Amino acid sequence: MTATTLLQRDSISVSDFRCSAGPDDTPFVERHRCHSISYVRKGSFGCRSLGRSFELVAGSILVGHPGDEYVCTHDHVCGDECLSFFLGPELVQTIGDRAEIWQIGCVPPLPELMVLGELAQAAAEGRSDVGLDEVGQVLASRFVEVVSGRAGEPVTAKARDRRRAVEAALWIDAHSHWKIDLEHAAGQADISPFHFLRLFSSVLGVTPHQYLVRSRLRHAARLLADDDISVTDVAYDVGFGDLSNFVRTFHRAAGVSPLRFRQASRGDRKIFQDRLARH
């Protein structure tokens, strides 16, 4: 088993697990250390917990309850890969902490959870501008809704709440070159990360991380059009910590690379004409 920590926050942590165990490997007892949901993205494994047995395949979710013991087996298939979300007490209390929900053991492949699991995987791989901490909290909340059969309360944003969301967006835009995460932004609004995510998304139509990425792209486009600094310096100046991630994200937004965008801003209109012609 190899484990890679992808995100570590007070409200939520995310790890990538890859297991190569097979039918000949001896299973052993493990214990859940906190509330958790693990999205199976590949492979299969069995699980025994609280006197029940489950078989999990791609799209299933293993559910963890603090202190409960479980045993994973690989009687049928060798290996599996999971994206696991470990939830802080405050988040669990907010979305629902009833023991019967968290001691369910596992959830079968359900479309309303699988699509969020795949979005989380895309976020983990940098293929989405949704934050991994954001989609993790949404997935956890949706899991509770599905298992409990109760829909979450709709967001009702009063004037004060709308002001909070707008002020948070202005703060994010002004500090988009900083390393900002959901908890950091929520702290500026003085509300919990989960409620901040719901409020911000409801009022402004995008998640805080989406707005952060798009602010960085907007600042990058301005620098590429107005200044002569290198593409690498543009990437780091606006807050991207990785050049390849900046180039990939900018290309996804603009349809051309940062360098080609700069050339277009200097008069090479043929770049965008060619792109439009392809569509």
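Since we're looking at a predicted model, the values are computed, not measured. (Residues numbered from 1 in each chain as written. Predicted model: local features only at pLDDT ≥ 70, side-chain atom pairs only at ≥ 80, totals over all residues. Heavy atoms only, no water.)

(A) Here's a closer look at the overall build of the protein. Along the protein, the regular secondary structure elements total 12 helices and nine strands. When its C-alpha atoms are laid out on the principal axes, the protein stretches across 70 × 50 × 30 Å. Counting across all 279 residues of the protein, residues that qualify as buried make up 47%. Intrachain contacts of the protein at a sequence separation of at least 6 include 68% that bridge at least 24 residues. When the accessible surface of the protein is summed, it comes to about 14400 Å², and 51% of that surface belongs to carbon and sulfur atoms. Computed over 32 positive and 36 negative side-chain charges, the inter-centroid distance for the protein is 7 Å. (Helix = DSSP H or I, 4+ residues; strand = E, 2+ residues; numbered from the N terminus. Buried < 20%, exposed > 50% of the residue type's maximum accessible area, 1.4 Å probe, protein only. Contact = heavy atoms within 4.5 Å. Areas by Shrake-Rupley, 256 points an atom, 1.4 Å probe, with all protein chains shown as cover. Lys, Arg positive; Asp, Glu negative; His and termini not counted. Charge placed at Lys NZ, Arg CZ, Asp CG, Glu CD.)

(B) Geometry of the nonpolar core. Grouped together as the largest cluster of nonpolar side chains are 28 residues, with contacts concentrated most on F85, L87, W102 and F143. Mapped onto this core, the elements with two or more residues apiece are β2 (12–19), β4 (35–49), β6 (61–64), β8 (80–87), α1 (89–95), α2 (99–102), α3 (111–124) and α4 (132–148). (Core = buried A, V, L, I, M, F, W, Y, C linked by side-chain atoms within 4.5 Å.)

(C) Main features of the pairing of β8. Burial analysis of β8 places eight of its eight residues in the buried class, the great majority of the element. Because side chains alternate across β8, one face comprises the buried residues D80, C82, S84 and F86, and the other comprises E81, L83, F85 and L87, equally buried. With eight bridges connecting them, β2 and β8 associate as antiparallel partners. Looking across to β8, one finds that S15 is bridged to S84. (Pairing = 2+ DSSP bridges.)

(D) Spatial organisation of the state of the cysteines. Considering all chains together, one arrives at zero disulfides under this definition. Cysteine C19 remains unbridged, with the sulfur of C72 as its closest cysteine sulfur at 7.8 Å. By relative accessible area, C19 is classed as buried at 14%. Left without a disulfide partner, C106 is nearest to the cysteine sulfur of C47, which lies 7.5 Å away. (Disulfide = S-S within 2.5 Å.)

(E) Main features of the packing of aromatic side chains. Scanning the entire structure with this criterion turns up eight aromatic pairs. When the ring of F200 is compared with that of Y211, the centres are 6.2 Å apart and the planes differ by 55 degrees; the resulting orientation is tilted. Here F200 is found in helix α7 (residues 193–204), whereas its partner Y211 is found in helix α8 (residues 208–226), with 11 residues between them in sequence. For Y211, a relative accessible area of 24% puts it in the partly exposed group. One aromatic cluster is present, built from ring pairs that chain together F240, F246, F250 and F261. (Phe/Tyr/Trp six-rings, centres within 6.5 Å; stacked < 30°, edge-to-face > 60°.)

(F) Spotlight on the side chain of D161. For D161, the location among the structural elements is in helix α5 (residues 159–174). R164 provides the closest opposite charge to the buried, salt-bridge-free D161, at an N-O distance of 4.4 Å. In contact with D161, other than residues within four places in its own chain, are T156 and L199. (Salt bridge = Lys/Arg side-chain N within 4 Å of Asp/Glu carboxyl O.)

(G) Structural detail: the pattern of salt bridges. Evaluated as defined, the whole model comprises 13 salt bridges. Where E145 meets R142, a salt bridge forms, and the shortest distance between an N and an O atom there is 3.1 Å. Here E145 pairs with R142, and both are found in helix α4, just three residues apart, close to one helical turn. Between R163 and E167 there is a salt bridge whose closest N-O contact spans 3.6 Å. One end of the pair, R163, and the other, E167, are both in helix α5, four residues apart, so they sit about a helical turn from each other. Of the residues examined, R163 reaches a relative accessible area of 56% and is grouped as exposed. Linked through salt bridges whose partners overlap, the residues forming this network are D16, R18, R41 and E81.

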